[in-house]
Amino acid sequence: MLFYQLFKSLIGQTITIELKNDIMITGKLISVDQFLNLKLSDVQGTDPKKNPILSSLKTCFIRGNVIRYVLLPQDQIDTQLLKESAIKEAAKIKEEERKMQNRK
């Protein structure tokens, strides 16, 4: 949920995505779901000579399992949200571990 919340906070921002097949796509983030599938608008390929089909796309949907890296605009990342989410996730994991130990 940590990354889902991060991407939700970046809706409307321009991001660059590197896919597992080495294609890099830049576009404005429109939506994200819990599987980290992303929808982008104003799509551009970083190498139009290598992938000319990307220059004709206006929007695209990218499955989360084909993404290798996501380059985010550093000035747009809400670090406070990240800290709070990381603390909540860590507390949740510790609570689950404690419950498992008590069951034994």
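Each chain has its residues counted from 1, running along the sequence as written. Only residues with pLDDT of at least 70 get local features here, since the model is predicted, and only at 80 or more are side-chain atom pairs given and counted; chain-wide, interface and lining totals rely on the full set of residues. Hydrogens are left out, water is left out, and the side-chain values use all remaining heavy atoms of the structure.

Notes on the overall build of the protein chain
A run of DSSP states H or I qualifies as a helix once it reaches four residues; a run of E qualifies as a strand once it reaches two. Both are numbered from the N-terminal end. Counting its secondary structure elements, the protein chain contains two helices and five strands. Across the protein chain, helices and strands are ordered from the amino to the carboxyl terminus as α-β-β-β-β-β-α. The reference for a compact globule is 2.2 Å times residues^0.38; the radius of gyration itself is calculated from the C-alpha atoms. Its C-alpha radius of gyration of 17 Å places the protein chain more than 25% over the 13 Å reference for a compact globule of 104 residues. In terms of overall dimensions, the protein chain has C-alpha extents of about 60 × 30 × 15 Å along its principal axes. Note on classification: 1.4 Å probe, protein chains only; a residue is buried when its accessible area is under 20% of the maximum for its type, exposed when over 50%, partly exposed between these limits. Residue burial in the protein chain is summarised as follows: out of 104 residues, 26% are buried. Taking the intrachain contacts of the protein chain between residues at least 6 apart in sequence as the baseline, contacts between residues at least 24 apart amount to 48%. In this description, contact between two residues means that some pair of their heavy atoms is separated by no more than 4.5 Å.

Describing unusual backbone geometry
Phi is positive for D22, close to 70°, though the residue is something other than glycine. You can see D22 is positioned in the loop between strand 1 (14-19) and strand 2 (24-32). A relative accessible area of 46% places D22 in the partly exposed class. A positive phi angle is found at L36, which is not glycine, with a value near 60°. Note on placement: L36 falls in the loop between strand 2 and strand 3 (38-45). Take L36: its relative accessible area is 26%, and that puts it in the partly exposed class.

Considerations on the UniProt feature "domain: Sm" (unreviewed entry) in the protein chain
As annotated by UniProt and renumbered to match this structure, "domain: Sm" (unreviewed entry) occupies residues 2-76. Across residues 2-76 one finds 11% helix and 43% strand; the C-alpha atoms that close the span lie 16 Å apart. UniProt positions are given in the numbering used here, feature names are shortened, and annotations may be inferred rather than shown by experiment.

Side note on the side chain of E18
For E18, the location among the structural elements is in strand 1. The class for E18 is buried, based on a relative accessible area of 18%. Those residues in contact with E18 that lie beyond four places of it in its chain are I23, M24, I67, R68 and Y69.

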